[in-house]
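Structure at a glance
Chain by chain, the residues:
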Amino acid sequence: DTAVSQTPKYLVTQMGNDKSIKCEQNLGHDTMYWYKQDSKKFLKIMFSYNNKELIINETVPNRFSPKSPDKAHLNLHINSLELGDSAVYFCASSPVISGRRNEQFFGPGTRLTVL
Amino acid sequence: LAKTTQPISMDSYEGQEVNITCSHNNIATNDYITWYQQFPSQGPRFIIQGYKTKVTNEVASLFIPADRKSSTLSLPRVSLSDTAVYYCLVGDYGTGFQKLVFGTGTRLLVSP
């Protein structure tokens, strides 16, 4: 029973292409997030959605567009991919109520390589 | 948000106890101390959280002195599978729209 799942696990593409990463959580959580972990292993939040509404946008280039069709899914679409977009992207979720403070549940990550 | 400082890396051997200390001199009254563990090729995983004194669960113990300016994550009798990066987070991110701030973490390598 995968709590937070992402597809694909690996994504290799050329500069300039458009690609999407999908995320699904079956925990019944209201809030979902996207994080980026770069080659130096720094993990930084990109977006947060609550019940399909954008809550946090951390000055991410507008080539990145999150889309939440329902509260169990948060997809990340990236236009005009650049070399610097190469990283591991993690999806996460957290409950709004009845949860432990500061606790998020992370997916396995999607390793994006832009050539 | 309180800035945290932790060792970049630590080495240990199987069966030893490992203590990872995190400094957070400007911790605020409402801040909690939370530790995450990240195995290679996986997302981070919440392992323990505390506010003051000592907290213990099935994975680790967390020691927090009275002044709360530091904390120590203790892993008893580590095994090879404890090789991971351990992140110390300090803040009150609440149970809602959390904006977790991860530092550089401590890379623990457990050898046979």
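The preceding data block contains the structure.
These lines cover the structure that appears in this document, whether it is placed above or below. Starting afresh in each chain, residues are numbered from 1 along the sequence in its written order. Think of it this way: whatever chain is written first is A, whatever ligand is written first is 1, and the rest follow in order. Residue-level local features of this predicted model are given only where pLDDT is at least 70; pairs of side-chain atoms are given and counted only at 80 or more, and the full residue set underlies all totals for whole chains, interfaces and linings. To get the side-chain values, all heavy atoms of the structure are used, and hydrogens and water are removed first.

Time to look at the overall build of chain B. Each helix and strand counted, chain B has 0 helices and 9 strands in total. Runs of E in the DSSP output that reach at least two residues are strands. Runs of H or I that reach at least four are helices, and both are numbered from the N terminus. Going from the N terminus to the C terminus, chain B shows its helices and strands as β-β-β-β-β-β-β-β-β. For the radius of gyration, the atom set is restricted to C-alpha positions; the globular benchmark scales as 2.2 Å times the number of residues to the power 0.38. Taking 112 residues into account, the globule formula puts the C-alpha radius of gyration at 13 Å, and chain B, at 13 Å, falls close to it. Referenced to the eigenvectors of the C-alpha coordinate spread, the extents of chain B come out at roughly 40 × 30 × 25 Å. Contact definition: two residues touch when any of their heavy atoms are within 4.5 Å. Sequence separation of at least 24 residues holds for 56% of the intrachain contacts in chain B that already meet a minimum separation of 6. With residues, only the protein chains shown are counted as cover, and all accessible areas are computed by Shrake-Rupley using a 1.4 Å probe. For chain B, the accessible surface area stands at approximately 5,500 Å², while carbon and sulfur atoms represent 51% of it. For the purpose of charge, His is not counted, nor are the chain termini; Lys and Arg are scored as positive and Asp and Glu as negative. Taken as the charge location is NZ of Lys, CZ of Arg, CG of Asp or CD of Glu. Averaging the coordinates of the 9 positive side-chain charges in chain B and doing the same for the 8 negative ones gives two points 6 Å apart.

As a further point, take the interface of chain B and chain A. Counting residues at the interface gives 24 residues for chain B, matched by 27 residues for chain A. A simple way to read buried area is as the amount of 1.4 Å-probe accessible surface that goes missing from two parts once joined, with both sides added. Summed over both sides, the interface of chain B with chain A buries roughly 2,200 Å², with 51% coming from carbon and sulfur. Here a salt bridge means any side-chain nitrogen of Lys or Arg lying within 4 Å of a carboxyl oxygen belonging to Asp or Glu. Between the two partners, chain B and chain A, sit 0 salt bridges. For this analysis, a polar contact is any N or O atom pair within 3.5 Å, provided that within protein one partner can donate a hydrogen and the other can accept it, and provided that sequence-adjacent residues contribute only side-chain to side-chain pairs. Between the two partners, chain B and chain A, sit 3 residue pairs in polar contact (both at pLDDT 80 or more). Breaking the side of chain B that touches chain A down by element, the ones donating at least two residues are β3 (32-38), β4 (45-50) and β8 (84-91) of chain B. For the side of chain B that touches chain A, the element with the most residues is β3 of chain B, which contributes 4 residues. Gly counts as polar in this scheme, as do all residues outside two lists: the nonpolar Ala, Val, Leu, Ile, Met, Phe, Trp, Tyr, Cys and Pro, and the charged Asp, Glu, Lys and Arg. Looking at the side of chain B that touches chain A residue by residue, the class counts come to 9 nonpolar, 12 polar and 3 charged.

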